[in-house]
Amino acid sequence: MHIRKGKSRIVFIFPLLKFVVKIPIIHFYIALCVAFSWAKRGGWEYLKRYFTYSGEAIGGFKYLMFKGIVENWNEFGFYWSTKNKFLQPTYFSILGFLNIQLYDEQCQLEKIDVWCQLYELTNGKVFDDSHHFENCRNFCFHDGKLRMSDYGSKRCQGVITE
């Protein structure tokens, strides 16, 4: 078993069993500390603003508490609604708290090679979510074909859909 940690999820990799388990990281302590800091700085008005930031606003309450859950749920729903052959299958999800996905060997190509090919294939749309498309660790090979294994963000899904 191997463990990889991202910003919003921890991935437990079971190569012999051919699956991975993705669990969200919930930054409860950090969210609580930031909330107290905002309340101390500006009272209720500041605290209200902190709670209303979108889930994409880095450091916002929703981002710190729910981003991993939302990405897991988005990944599961997107795979099952599209069955896109470019996606590594996500077979199961418990409301975003735990995802089970097929495991294949990680992409060993050079980062620049993958980026250039994806840039050409998408007519530059990879820039809409460069975080997911520039990292070779987000890709794997299944039967000699490139697949994406981290596709939980809506921007990433938009690029894949196009």
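Residues numbered from 1 in each chain as written. Predicted model: local features only at pLDDT ≥ 70, side-chain atom pairs only at ≥ 80, totals over all residues. Heavy atoms only, no water.

A. Up close: the sheet that holds strand β2 (residues 9–14). One open sheet accounts for five strands, arranged β1-β2-β3-β5-β4; its pairing is antiparallel. Since the sheet does not close on itself, it has two edges, and those belong to β1 (2–5) and β4 (90–93), each with one partner. Geometrically, the sheet is characterised by an average inter-axis angle of 20° between neighbouring strands, direction not taken into account. Both β4 and strand β5 (residues 99–102) contribute to a ladder of three bridges, which runs antiparallel. Residue pairing for β5: Phe92 is matched across the bridge by Ile100. With respect to the sheet, helix α2 (residues 61–82) is in contact with β2, β3 (19–24), β4 and β5, its orientation differing from that of β4 by roughly 130°. (Pairing = 2+ DSSP bridges. Helix = DSSP H or I, 4+ residues; strand = E, 2+ residues; numbered from the N terminus. Axes fitted to C-alpha atoms, helices over the stretch in contact; angles between N-to-C directions. Contact = heavy atoms within 4.5 Å.)

B. Region of the structure containing the packing of aromatic side chains. Applying the stated criterion across every chain, the model contains 13 aromatic pairs. Taken together, a centroid distance of 5.6 Å and an interplanar angle of 80° make the contact between Tyr79 and Trp80 edge-to-face. Residue classification places Trp80 among the partly exposed residues on the basis of a relative accessible area of 39%. Taken together, the ring pairs connect Trp38, Tyr50, Phe51, Tyr53, Phe61 and Phe66 into an aromatic cluster. Arg41 extends its terminal NZ or CZ atom over the ring of Trp38, reaching a point 5.4 Å from the ring centre. (Phe/Tyr/Trp six-rings, centres within 6.5 Å; stacked < 30°, edge-to-face > 60°. Buried < 20%, exposed > 50% of the residue type's maximum accessible area, 1.4 Å probe, protein only. Lys NZ or Arg CZ within 6 Å of the ring centre and 35° of its normal.)

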